[in-house]
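Listed below, chain by chain, are the residues.
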Protein chains: 2
Amino acid sequence: MSLTSDIIRGHTETIILAQLLDGDSYGYNISKAIKSKSEGAYEPKEATLYTAFRRLEQNGLIRSYWGDEDTGARRRYYSVTEEGRRLFDENKNEWLRVRSIIDKLIEK
Amino acid sequence: MSLTSDIIRGHTETIILAQLLDGDSYGYNISKAIKSKSEGAYEPKEATLYTAFRRLEQNGLIRSYWGDEDTGARRRYYSVTEEGRRLFDENKNEWLRVRSIIDKLIEK
DNA sequence: AAAAAATACCTTGACAGCCGAGGTATATCG
DNA sequence: CGATATACCTCGGCTGTCAAGGTATTTTTT
């Protein structure tokens, strides 16, 4: 596993929640949005993305529904729940906290 | 596993290397130094620490030797190799890169 | 002096997130 | 018609973290 994998690890859910706070979206689109926002630097692997969706939904942080496209492949849309919003806020604060800790520990 | 565990994951080696760049040290002391530098916010679990030492040594990033205390419990000291210094620099740059990516992805 | 806490080391097995590899299906473009 | 893009999904392996357990010595507290 590459270094980046382990460093990004644990942020996947927060990153997904952040995207969904901009409005409901579906897997493929979320993936591309993340790639775009990170200027190509990061695009979650499909397996990672879909297992994260499962986890999030099972824990009541997002909800899903099928889109009603009459053309193209079917899309499963996701929306953030109230609980999901709360978790995002928590996780964001946690990130800011941990970020400063790591900064302290590896500054040199 | 707590959120923090997954977020700190992948930084353990870099943090250890950073401590050793201040001078040779041993497990227990490194652990306390990390706790102190992070103002009590983080102290690696022993199992995590010692498995990290194994990994680092097996990969030639640190070297170890027994201290010659004639009192107190025996101590295994570690020192950073040239390769270890290089890895630390790489990892630090990687951290700065990933940090800004995550910031972009979860800012709101 | 006995008990407790601190110092100092170590191993084993479980757990959980990430991802490579594989799969299905439709639409578009050359 | 074949390739690429869109869009979904699962399974199994890998790896870092940690709870729980262990040994041994020294210092502090009762």
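Refer to the structure printed above.
All of these numbers come straight from a predicted model, not from anything done at the bench. (Residues numbered from 1 in each chain as written. Chains lettered and ligands numbered in written order. Predicted model: local features only at pLDDT ≥ 70, side-chain atom pairs only at ≥ 80, totals over all residues. Heavy atoms only, no water.)

Visitor: Report on the protein's contact with DNA strand D, specifying residues and quantitative values.
Guide: Neighbouring DNA strand D are 25 residues, the closest being Tyr28(A), Arg75(A), Ser5(B), Arg9(B) and Thr12(B). Taking Arg9(B), its side chain carries an N or O atom lying 2.6 Å from a base nitrogen of DNA strand D. At 3.5 Å, a side-chain N or O of Arg55(B) approaches a phosphate oxygen of DNA strand D. Secondary-structure elements contributing two or more residues to the surface near DNA strand D are helix H3 (27–37), helix H4 (46–58) and strand S3 (76–80) of chain A together with helix H4 (46–58) of chain B. (Near = heavy atom within 4 Å. Polar contact = N/O pair within 3.5 Å; in protein donor to acceptor, adjacent residues only side chain to side chain. Helix = DSSP H or I, 4+ residues; strand = E, 2+ residues; numbered from the N terminus.)

Visitor: Hey, could you go over the protein's contact with DNA strand C for me, with residue numbers and the actual values?
Guide: By nearness alone, 25 residues border DNA strand C, and Ser5(A), Arg9(A), Tyr28(B), Arg75(B) and Arg76(B) come closest of all. Of all DNA strand C atoms lying within 4 Å of any protein atom, the proportion belonging to sugar or phosphate reaches 75%. Here a phosphate oxygen of DNA strand C sits 2.7 Å away from a polar atom, N or O, in the side chain of Thr12(A). Note that a phosphate oxygen of DNA strand C is positioned 2.4 Å from one of the side-chain N or O atoms of Arg75(B). For the surface near DNA strand C, the secondary-structure elements that each account for two or more residues are H4 of chain A together with helix H3 (27–37), H4 and strand S3 (76–80) of chain B. Ranked by residues supplied to the surface near DNA strand C, first place goes to H4(B) with four residues. Broken down by class, the residue content of the surface near DNA strand C amounts to nine nonpolar, seven polar and nine charged. (Nonpolar A, V, L, I, M, F, W, Y, C, P; charged D, E, K, R; others polar.)

Visitor: How would you sum up the sheet that holds strand S1 (residues 25–26) of chain A? Please name residues and give values.
Guide: Residues and elements named next belong to chain A. On the basis of which strands lie adjacent, the open sheet formed by three strands has the order S1-S3-S2 and antiparallel pairing. Lying at the two open borders of the sheet, with one neighbouring strand each, are S1 and strand S2 (62–66). Bridge count for S1 against S3 is two bridges, and the pairing is antiparallel. Bridging across to S3, Tyr26 finds its partner in Tyr77. (Pairing = 2+ DSSP bridges.)

Visitor: Give me unusual backbone geometry: which residues, what numbers.
Guide: Excluding glycine, residues mostly have negative phi values, and the peptide bonds linking residues are mostly trans. You will see that Glu39(A), though not glycine, has its phi angle at about 55°, which is positive. Its location among the elements puts Glu39(A) in the loop between H3 and H4.

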